[in-house]
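Single-letter residue listing:
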Amino acid sequence: MRFPRRLLRPLGVLAGLCVLLGVVTAGMAFPLVGGLGVLSNEAGDSVTSSSADLVGTRPPLTTTLTDSDGRPIAYLFDQNRTEVTNDQISTAMKGAMLAIEDRRFYEHDGVDWQGTLRAVVANSASGDVVQGASTITQQYVKNYMLYVDATSEAERLKATEQTPARKLKEARIALQLERQLSKDEILNRYLNIVFLGNGSYGVAAGARTYFNTTPDKLTVPQAAMLAGMVRSTTQFDPVQNPQTALQRRNVVIDQMRQQQMIDDAQAKQAMAAPLGVANPLVRVPNGCIGAGDMGFFCKYVTQYLTEAGFTEEQIQRGGYTIRTTLDRRAMTEVKRSLDKEVPPDTPNVANVMSLVQPGQDKHRVLAMGSSRTFGLNADAEETSYGLPYQPVNLGAGSTYKIFTAATALEKGLGINYSMQVPPSGYASPIYVDGSGRPVPVANAGNYPGRMSLTDALAQSPNTAFIKLEEFTGVPDVVDMAVRLGMKSLATTPFVDPGTGKRTDRSIAEVIKDQRLASFTLGVTPTSVLELANVGATLFSQGRWCPPTPIDSITDAEGKPVPITEEPCQQAVEPALANTLVTGLSKDDIAGTSAAAAKAAGWNRPMAGKTGTTQQHKSAAFMGGIPEMAGAVITFDNSNRPRPLCDGGGAPFACGNGNIFGGKTPARTWYGAVTPLVANTPPTPLPPTDPRYLDGGAESRIPDVVGRSAGAARGELEGAGWQVTTRTVDNNAPEGTVVGQEPRGAALPGEQVTLQVSSGSVPAPPPPPGRTAARRRPVPTGTSRPTAGDAPSGRVTRPGGTARHAPSERGITAGRGLACRHGRAVEEQASRAGARRRRALGRGAAGRRARGGPARPGAG
């Protein structure tokens with residue numbers, strides 16, 4: 001008897017299936033001897049463990065980063081997949097998948113022999129695959145092996161190889177899985193794991209990609225198209241092959257009709273509908289590149305998580321929801337101000353800023369950004385390097401004088417300390433070249449011989465802080481910088497300038513070991529985020545916390561995920577930090593950022609400090625208020641940095657730079673922060689402490705003004721101070737001390753100069769052509785104000801309360817002298833035509849409050 005040729009193939013397949021059925025049955029019971037037994041053993045080696053993995057291990061899921069309000073910033077994934085529950089998937093989607101892939105799903109036990117035989121006959125008769133031979137349970141097993149277990153190309157090929165061993169293992173696992181999970185759970189897992197083309201894994205991603213909807217809203221024609229793609233996402237791609245995809249969709253709809261999932265009218269209506277695929281497809285960008293202006297922040301989040309112990313695989317496959325600290329409004333204002341000062345396509349120049357919220361338990365990063373667009377196209381001035389948080393090699397200039405001032409306060413001085421200001425060209429014994437010879441230190445302007453520490457922070461004479469560093473010592477200033485927040489100094493390897501190679505020592509270690517006094521002038525690599533966090537530390541009563549971008553982390557089930565972060569530490573005494581904030585509070589009034597503050601309409605208390613590096617290749621500004629602290633660095637970010645010119649328009653590379661911290665950096669800070677606090681009442685600065693206003697007992701000098709010269713000298717020398725005197729014309733009784741420098745506090749070993757009255761004031765010269773008239777003597781005992789006890793001036797601004805006038809408001813801009821190891825020269829704000837005001841006497845330079853009553857000791 002001869003069989004028709006058209007029946008030979010199905011009969012052959014049927015015979016093979018009978019053999020396979022026997023193998024499966026035998027394999028489930030016990031190993032066979034001979035070839036079939038070996039086959040069964042090979043397939044069953046890891047069946048039990050694989051079955052357990054399928055039950056307990058989730059597929060790779062998309063991690064979502066959100067802002068502080070929960071709005072998505074970026075998606076991080078290895079496979080774009082979001083798990084959904086059964087009730088979040090439409091009935092149409094479930095029905096379409098069952099109709100085309102496994103109509104007897106709820107009847108078989110994982111392997112459908114009846115369905116397999118029927119599929120063989122149907123597919124052979126049609127000459128095409130119209131029915132699937134594997135059950136949904138088997139397909140789930142196969143997809144799991146491919147998308148979860150396989151981690152290499154070789155493993156992925158093995159997971160899809162057409163061998164009896166793989167088929168047998170797949171069938172055995174499917175049979176076991178059916179005894180461990182319910183049918184609904186298996187179907188749900190399958191719908192979440194299946195690949196649907198165009199980077200979409202699972203029905204949630206498929207619904208979004210093709211129809212910009214959620215899986216619970218999928219209609220019959222939409223669900224049918226997705227289900228039809230399972231067989232071949234390439235052949236039935238609705239974008240590349242729309243007609244083929246439409247035909248396949250209608251096959252699925254017809255199967256739904258035949259299985260009475262829908263009636264004839266519904267099927268007809270569904271088949272008449274267009275594909276309706278989104279144009280363009282709704283693709284989810286993978287990684288921080290899709291975060292736009294928030295890309296730098298996104299990248300900082302991933303780095304922070306990695307340093308906290310999360311692996312890249314965990315982040316990209318864990319399906320976490322990471323609620324970050326990013327304030328979208330703050331981010332918008334930061335980016336707007338950055339770009340206003342330095343447009344994104346400006347060659348050579350980058351402008352970067354970070355904002356941090358102070359706190360006792362947490363320092364939340366509110367925003368960070370760059371004028372550079374976050375991206376990969378270097379030709380378009382894009383970059384993905386972490387500019388707002390990685391150290392900038394060119395440094396931050398005189399912002400580092402903050403650390404010298406803090407160290408001086410800790411060692412006994414106060415912000416009212418009248419510090420020496422040596423003239424430009426000062427040769428300090430600690431500021432030397434490689435041969436130990438002093439290098440002259442330059443000032444960019446003219447200053448009085450003494451000024452308060454508060455005024456010195458605002459006007460920033462270099463020689464004064466080098467002189468102060470002689471007292472504090474370089475190592476302690478470096479340690480103070482690290483304590484207050486410049487942590488990377490202690491972790492970043494020092495690069496040998498001779499070889500260009502990294503050493504096994506940190507930057508901080510080398511600076512301390514070599515006693516590099518240029519440290520106070522800010523020549524070291526500086527992270528703008530860390531500098532902003534220094535401000536947050538000061539406004540947190542001296543408590544340092546890591547600048548965290550994380551508010552919370554939850555897993556795919558919504559359960560909290562702990563994160564290990566560095567513990568907060570008390571960097572300095574609260575009273576020191578509070579008082580130093582006031583010591584930095586004149587920068588917007590009479591300091592180097594005053595012009596920028598005025599232009600922005602700034603009208604509230606703040607603490608600030610500018611900085612500029614050698615040759616004007618970079619400039620910086622650190623500013624803070626109780627609500628937030630921020631820092632800005634503007635620098636040449638090219639491979640061969642050049643000086644920057646800043647005057648009218650965006651900064652640009654030039655031969656002789658003139659950029660200062662009070663220009664682009666300060667304008668950027670005020671431009672970003674001013675609108676963020678607009679229409680809110682000013683918050684006063686924290687209260688000062690007498691110990692840090694006038695200094696501790698170890699630095700206090702007896703006040704001898706008004707005493708006789710002999711008694712004054714005896715008291716001072718008895719207290720351990722060196723004394724010198726000079727006679728001044730004054731109407732006080734002869735031999736009376738009418739002035740004292742320094743007064744209040746002094747450095748150990750510093751000489752005290754007494755001004756002793758001569759007892760009379762000579763008559764002024766007569767006018768030209770007239771005979772001098774005898775000057776009537778001033779009665780003995782009547783005193784006049786002298787340089788040593790001049791009354792404190794007060795100035796009042798519209799809308800504000802009276803405050804003490806600064807001792808030196810008008811200064812003239814100048815050029816600095818280069819310092820060893822590329823040291824910085826300090827900027828001075830140019831205030832042409834401003835008249836020098838009378839020096840302050842002993843009046844405290846304490847905190848002033850704008851818009852409210854001045855506190856005791858306000859300056």
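Residues numbered from 1 in each chain as written. Predicted model: local features only at pLDDT ≥ 70, side-chain atom pairs only at ≥ 80, totals over all residues. Heavy atoms only, no water.

Draft legend 1. Quick peek at the overall build of the protein. Check the secondary structure of the protein and you find 28 helices and 27 strands. Taken over 859 residues, the protein has a buried fraction of 53%. A sequence separation of at least 24 residues applies to 73% of the contacts in the protein between residues at least 6 apart. (Helix = DSSP H or I, 4+ residues; strand = E, 2+ residues; numbered from the N terminus. Buried < 20%, exposed > 50% of the residue type's maximum accessible area, 1.4 Å probe, protein only. Contact = heavy atoms within 4.5 Å.)

Draft legend 2. Layout of the sheet that holds strand E1 (residues 63-66). Judged by pairing direction, the sheet is mixed, and its 4 strands sit side by side in the order E2-E1-E3-E16 without closing on themselves. Edge strands, defined here as strands with exactly one partner in the open sheet, are strand E2 (72-76) and strand E16 (550-554). Neighbour-to-neighbour, the strand axes of the sheet open up by a mean angle of 15°, direction not taken into account. Where strand E3 (residues 321-324) lies against E16, 4 bridges are found, and the strand directions are antiparallel. Of the residues in E16, the one forming a bridge with Ile322 is Ile553. (Pairing = 2+ DSSP bridges. Axes fitted to C-alpha atoms, helices over the stretch in contact; angles between N-to-C directions.)

Draft legend 3. Inspection of the packing of helix H6 (residues 136-149) against helix H9 (residues 183-193) at higher detail. Interaxial distance between H6 and H9 falls to 9 Å at its minimum, and their mutual angle equals 40°. Regarding the angle of H6 to H9, the classification is oblique. Seen from above, H6 lies across H9 with left-handed handedness. Counted together, Ile136, Thr137, Gln139, Tyr140, Asn143, Tyr144, Tyr147 and Val148 of H6 and Ile186, Leu187, Arg189, Tyr190 and Ile193 of H9 form the full contact between these two elements. Looking at side-chain class alone, the contact of H6 with H9 contains 9 nonpolar, 3 polar and 1 charged residues. (Parallel < 35°, antiparallel > 145°, perpendicular 65-115°, else oblique. Left-handed = near helix turned anticlockwise from the far one by under 90°. Nonpolar A, V, L, I, M, F, W, Y, C, P; charged D, E, K, R; others polar.)

Draft legend 4. Layout of unusual backbone geometry. The omega torsion of the bond from Asn279 to Pro280 falls at 5°, within 30 degrees of zero and hence cis. Residue position: Pro280 is located in the loop between helix H13 (264-272) and helix H14 (295-307). Residue Glu741 is joined to Pro742 through a cis peptide bond whose omega torsion reads -10°. With respect to the element layout, Pro742 can be found in the loop between strand E24 (737-741) and strand E25 (751-757). For Asn198, which is not a glycine, the phi torsion comes out positive at approximately 50°. By secondary structure assignment, the location of Asn198 is in the loop between H9 and helix H10 (202-211). Overall, Asn198 belongs to the partly exposed group, its relative accessible area being 23%. You will see that Arg515, though not glycine, has its phi angle at about 50°, which is positive. Judged by relative accessible area, Arg515 falls into the partly exposed class, the value being 48%.

Draft legend 5. View of the sheet that holds E24. With respect to topology, 3 strands assemble into an open sheet ordered E23-E25-E24, the strand pairing being mixed. Of all strands in the sheet, those with a lone pairing partner are strand E23 (722-728) and E24, marking the two edges. On average, each strand axis in the sheet is inclined to that of its neighbour by 25°, with strand direction left out of account. Of the strand pairs in this sheet, E24 and E25 are connected by 4 bridges, and their pairing is antiparallel.

Draft legend 6. The arrangement of the environment of Ser337 in detail. Its place among the elements puts Ser337 in helix H16 (residues 328-341). With relative accessibility at 2%, the residue Ser337 sits in the buried group. Expressed as a C-alpha distance, the spacing of Ser337 and Ala672, which sit 335 residues apart in the sequence, is 5.4 Å. Residue contacts for Ser337: discarding those within four places in its chain leaves Arg667, Thr668, Gly671 and Ala672. Side-chain polar atoms of Ser337 contact the backbone nitrogen of Ala672, separated by 3.5 Å. (Polar contact = N/O pair within 3.5 Å; in protein donor to acceptor, adjacent residues only side chain to side chain.)

Draft legend 7. Molecular detail of the pairing of strand E12 (residues 502-506). Two strands pair when backbone bridges link them, and strand E11 (residues 493-495) and E12 are joined in this way by 2 bridges, in the antiparallel orientation. Note that in E12 the partner of Pro493 across the bridge is Ser506. Turn length for the E11-E12 hairpin, with the two strands adjacent in sequence and antiparallel, is 6 residues, and the turn residue Gly500 shows positive phi of about 75°.

Draft legend 8. Molecular detail of the packing of aromatic side chains. Enumeration according to the criterion identifies 16 aromatic pairs in this entry. Seen from their ring centres, Tyr147 and Phe195 are 6.3 Å apart, and the 50° between their planes marks the pair as tilted. Separated by 48 residues along the polypeptide, Tyr147 in helix H6 and Phe195 in the loop between H9 and H10 bring together distant segments of the chain. For Tyr147, a relative accessible area of 15% corresponds to the buried category. A residue is classified by how much of its surface remains accessible, and Phe195, at 23% relative accessible area, is partly exposed. Both rings, one in Phe310 and one in Tyr320, keep their centres 5.9 Å apart while their planes meet at 85°; by these two values the pair is edge-to-face. Separated by 10 residues along the polypeptide, Phe310 in the loop between H14 and helix H15 (312-317) and Tyr320 in the loop between H15 and E3 bring together distant segments of the chain. (Phe/Tyr/Trp six-rings, centres within 6.5 Å; stacked < 30°, edge-to-face > 60°.)

Draft legend 9. Main features of the pattern of salt bridges. As enumerated under the stated definition, the model contains 33 salt bridges in all. Lys183 serves as the salt-bridge partner of Glu178, at 3.0 Å between the closest nitrogen and oxygen. This pair shows no difference in class: Glu178 is buried, exactly as Lys183 is. Close ionic contact of Glu185 with Arg189 constitutes a salt bridge, the shortest N to O distance being 2.8 Å. You can see Glu185 and its partner Arg189 sitting in helix H9, 4 residues apart, about one turn around the helix. (Salt bridge = Lys/Arg side-chain N within 4 Å of Asp/Glu carboxyl O.)

Draft legend 10. Looking closely at the side chain of Thr526. Counting through the fold element by element, Thr526 comes out in strand E13 (residues 526-527). On the accessibility criterion, Thr526 (0% relative accessible area) is buried. Among the polar contacts made by the side chain of Thr526, one reaches the side chain of Tyr400 at a distance of 2.7 Å. For Thr526, the residues in contact, after removing those within four places along its chain, are Gln390, Pro391, Val392, Gly395, Ala396, Tyr400, Met486, Leu531 and Ile633.

Draft legend 11. Geometry of the confidence of the model for the protein. Taken residue by residue, the protein gives an average pLDDT of 85. The fraction at 70 or more is 81%. Across residues 23-44, confidence stays below pLDDT 50; counting only partners more than four residues off in sequence or on other chains, it has 27 contacts. Note that residues 772-859 has pLDDT below 50 and, in this model, 230 contacts with residues that lie over four places away or in other chains. (pLDDT = per-residue confidence, 0-100.)

Draft legend 12. Focus on the state of the cysteines. A complete count under the given rule lists 3 disulfides for this structure. Paired through a disulfide, Cys288 and Cys298 show a sulfur-sulfur distance of 2.0 Å. The S-S bond linking Cys288 to Cys298 shows a torsion near -75°; that makes this disulfide left-handed. Of this pair, Cys288 sits in the loop between H13 and H14 while Cys298 is found in helix H14, placing the two residues 10 residues apart along the sequence. A residue is classified by how much of its surface remains accessible, and Cys288, at 11% relative accessible area, is buried. Residue pairing for Cys645: its cysteine sulfur links by disulfide to Cys654, the two sulfurs lying 2.0 Å apart. Of note, the bridge from Cys645 to Cys654 carries an S-S torsion of about 95° and is right-handed in sense. Judged by its relative accessible area of 9%, Cys654 falls in the buried class. Sequence-ordered numbering of the bonded cysteines in the protein yields a pairing of 1-2, 3-4, 5-6. (Disulfide = S-S within 2.5 Å.)

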